[in-house]
Amino acid sequence: MGIFADKFRRKLGLKTEKEVLDQKISHYGKGKIDAINHSIAIRNQLISSVNERIRQLEKIINDNQKFIDLCEFIKNKAIEQIKKRDSSIQDEIYDEKGRLIIKSNYKVMNDYLSSLISKGLSSEFILNYNEQLSNILKKNWMLYADNVIVNKGNFNNEECYDLYASYAKILDLMNNGFLKNEKNIPIKFNEKGIDLILKVYEYCNSINNFLALYLQNLKIKLNNLNSDFQSEEYILKQIDEIKQILRSSEEYTRAKASHDYLEQITRK
């Protein structure tokens, strides 16, 4: 078909060959395009929802980590004090028959253990001594921290002040709703002193470990959604490329030339 055929079609009120081809090209893959666009719209909503949930979980984890860091700071500060050579906090270690081996502070008892090891004592004896020493450190750092908290850090000691300030920060954050469960609901504990520190530390670690796994699964789901989205975008791109190929075909080029010529002489 050419210019004469297009003139005749126009007289009959019909479309030119180019207009017919344009309509065919425009409708090429329309069903698939509509289905993909609908799927993309739903997927975008899911992606937005998953992204928001990830953001919420990361905030909970980050807020809980603040509590964990504060608790660890308190523990480390207390342990530093217990391990000092001039520490006034003393304890006792006994042998397997219940006889007193040594009574002193942690540093002296630990140094004494080193001297016992060098004497070649039995591994069973050393193991028992070391186990008692480990329990003493755990017990005494908690007693020390609790004592500092009860006295609100009033020891004219910078370490004590820092320790109590960290405890006060834990209370402040908890009272202001920063301690949350996995559902993003603020919670509070009624414990005080070292009991609060231990409970907050255990709770936050437990929640963060659980949420870390949940977060990992959500990110995998998000990657899958994004991958599907990219696949659909690729299909749409392929359809568009095919349309471009159809518009550059010899048949379409001839039809366009005839249509454009007809439009030109019509305007004269």
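Just so we're clear, the structure is a prediction, and the values are computed from it rather than from any experiment.

Student: Would you take a moment to explain the packing of aromatic side chains for this structure?
Tutor: For any pair of aromatic rings, geometry is given as the distance between the ring centres together with the angle between the planes. Within this structure, the stated rule accounts for four aromatic pairs. Geometrically, the ring pair formed by Tyr112 and Tyr129 is tilted, given 6.2 Å between the ring centres and 50° between the ring planes. Here the residue Tyr112 occupies a position in helix H4 (residues 106-118), and Tyr129 occupies one in helix H5 (residues 123-150), the gap between them amounting to 17 residues. By relative accessible area, Tyr112 is classed as partly exposed at 30%. Considering the side-chain rings of Tyr164 and Tyr167, the 6.1 Å spacing of their centres and the 40° angle between planes classify their relative orientation as tilted. One end of the pair, Tyr164, and the other, Tyr167, are both in helix H6 (residues 158-175), three residues apart, so they sit about a helical turn from each other. Looking at Tyr167, the relative accessible area reads 5%, which means it is buried.

Student: I keep staring at the packing of H4 against H5 and nothing clicks. Help me out?
Tutor: At their nearest, the axes of H4 and H5 sit 11 Å apart, and the two run at 165° to each other. What the angle tells us is that H4 and H5 run roughly antiparallel. Between H4 and H5 the crossing geometry is left-handed. In this structure, H4 uses Tyr106, Met109, Asn110, Tyr112, Leu113, Leu116 and Ile117 to contact H5, whose residues at the interface are Phe125, Ile126, Tyr129, Asn130, Leu133, Ile136 and Leu137. Split by residue class, the contact of H4 with H5 holds 12 nonpolar, two polar and no charged.

Calculation criteria
Residues numbered from 1 in each chain as written. Predicted model: local features only at pLDDT ≥ 70, side-chain atom pairs only at ≥ 80, totals over all residues. Heavy atoms only, no water. Phe/Tyr/Trp six-rings, centres within 6.5 Å; stacked < 30°, edge-to-face > 60°. Helix = DSSP H or I, 4+ residues; strand = E, 2+ residues; numbered from the N terminus. Buried < 20%, exposed > 50% of the residue type's maximum accessible area, 1.4 Å probe, protein only. Axes fitted to C-alpha atoms, helices over the stretch in contact; angles between N-to-C directions. Parallel < 35°, antiparallel > 145°, perpendicular 65-115°, else oblique. Left-handed = near helix turned anticlockwise from the far one by under 90°. Contact = heavy atoms within 4.5 Å. Nonpolar A, V, L, I, M, F, W, Y, C, P; charged D, E, K, R; others polar.

That's the geometry; what it means functionally is another story.
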